[in-house]
Amino acid sequence: DLIVGKKRQKMLKTEKGEIIYVILKSDLIYQKNGLYTTDSRDIRVAIAEKLKLSAKVPDNCFDYCRYHTIGGYQSVWQLQKPQIPAVRAGSIHCFESDGETFPDEISIGGFLQEGMGVCNVTTRKNLMKIIQVKPGKINRIEIESDQKRKDKIYTELLVSVGIETMQRYALDYLDKVP
């Protein structure tokens, strides 16, 4: 027998001031005033409204968003689907909790019936349990003696590695969540 019903929603208890991360499990398509947008401020405001939180970015936090264009082919009509800008899965927005309880998963934006806009909601504590940072194979950098240039390249490398590591672990975490 086929049983159709709502997925049982787990609730996430938080403390006032605790950092909450909203991680996209799938691509997000969002419209504002009839136009598709990937502006992170608009997305942040929409998520904040859904969770009834402030849209202000907490201190020492930042959002990580990547974008791309999606499309496809409608085989029944033998026509191309329109090209639509989307925020990529793995993008992260952080918020400050007001001490409320939140659902551990929300859906936002358009094309929800196609699996778009599914987001996981988690706390920093839960996120840190799964993150493991391991040293890479590059342990030094040899460039000309220009120290400012050397420091700039080294910082950009660390930021790039950090962002990619966070995204990979966030996606791994989402795969483990039932």
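As a convention, each chain's residues are numbered from 1 in the sequence order in which they are written. Under the rules for a predicted model, residues below a pLDDT of 70 receive no local features and side-chain atom pairs below 80 are neither given nor counted, while totals for whole chains, interfaces and linings still include all residues. Here the side-chain values reflect all heavy atoms present in the structure, with hydrogen atoms and water set aside.

A. Seen up close, the overall build of the protein chain. For the purposes of this entry, the term helix denotes a DSSP run of H or I that reaches at least four residues, the term strand denotes a run of E that reaches at least two, and both are numbered from the N terminus. Across its full length, the protein chain holds 3 helices and 10 strands. Categorising residues by exposure relies on relative accessible area from a 1.4 Å probe, with only protein chains included: less than 20% of the type maximum marks a residue as buried, more than 50% marks it as exposed, and the intermediate range marks it as partly exposed. Buried positions account for 34% of the 178 residues belonging to the protein chain. For the protein chain, contacts bridging at least 24 residues in sequence account for 74% of all contacts bridging at least 6. Surface accessibility in these figures is a Shrake-Rupley result with a 1.4 Å probe; residues are shielded only by whichever protein chains are displayed. When the accessible area of the protein chain is evaluated, it comes to approximately 12,300 Å², of which 53% is carbon and sulfur surface. Working rule for contacts: check all heavy atoms of both residues, and any pair within 4.5 Å makes them a contact.

B. Just the environment of Arg 41, in detail. Within the secondary structure, Arg 41 is located in helix 1 (residues 40-51). In this structure Arg 41 comes out as exposed when scored by relative accessible area, which is 60%. Residues Arg 41 and Lys 56, spaced 15 residues apart in sequence, show a C-alpha to C-alpha distance of 9.6 Å.

C. Quick look at the sheet that holds strand 2 (residues 16-24). A pair of strands is treated as paired once DSSP finds two or more bridges between them. Read across the sheet, 4 strands follow the order 7-2-10-9 without closing on themselves; strand pairing throughout is antiparallel. Two strands lie at the open edges of the sheet, namely strand 7 (92-98) and strand 9 (105-107), each paired on one side alone. Each strand of the sheet is rotated relative to its neighbour by a mean of 30°, with strand direction disregarded. The sheet contact formed by strand 2 and strand 10 (residues 118-123) spans 5 bridges and is antiparallel. Within the sheet, the bridge partner assigned to Ile 20 lies in strand 10 and is Thr 123. Angles shown run from 0 to 180 degrees and are taken between the N-to-C directions of axes, each axis being a line fitted to C-alpha atoms and, for helices, limited to the stretch in contact. Here helix 1 sits on the sheet and contacts strand 2, strand 7, strand 9 and strand 10; the angle it forms with strand 7, its principal contact strand, is near 40°. Its contacts with the sheet place helix 3 (residues 147-176) against strand 2, strand 7 and strand 10, and it is angled at close to 85° to strand 2.

D. Focus on the nonpolar core. By size, the foremost hydrophobic cluster in this structure holds 19 residues, and its most contacted members are Val 22, Ile 47, Leu 51 and Val 121. Sorting the residues of this core by element identifies strand 2, helix 1 and strand 10 as the ones contributing at least two each. By residue number, the principal contributor to this core is helix 1, which donates 5 residues. Sequence-distant contacts of Leu 51, defined by excluding residues within four places in its chain, comprise Val 22, Phe 102, Pro 103, Ile 106 and Val 121. Throughout this description, the term nonpolar core refers to a set of buried Ala, Val, Leu, Ile, Met, Phe, Trp, Tyr and Cys residues connected via side-chain atoms within 4.5 Å.

E. Layout of helix 3. One less than the number of residues in a helix, times 1.5 Å, gives the span that helix is expected to have. With 30 residues, helix 3 extends 43 Å from end C-alpha to end C-alpha; this agrees with the ideal 44 Å at 1.5 Å per step. Every buried residue of helix 3 is accounted for by Ile 163, Thr 165, Gln 167, Tyr 169, Ala 170, Tyr 173 and Leu 174.

F. Just the pattern of salt bridges, in detail. For this analysis, a salt bridge means a side-chain nitrogen from Lys or Arg found within 4 Å of a carboxyl oxygen belonging to Asp or Glu. Considering all chains together, one arrives at 5 salt bridges under this definition. Close ionic contact of Glu 105 with Lys 25 constitutes a salt bridge, the shortest N to O distance being 3.2 Å. Note that Glu 105 is positioned in strand 9 and Lys 25 in the loop between strand 2 and strand 3 (30-32), a separation of 80 residues in sequence. Arg 41 is the salt-bridge partner of Asp 39, the closest N and O atoms lying 3.3 Å from each other.

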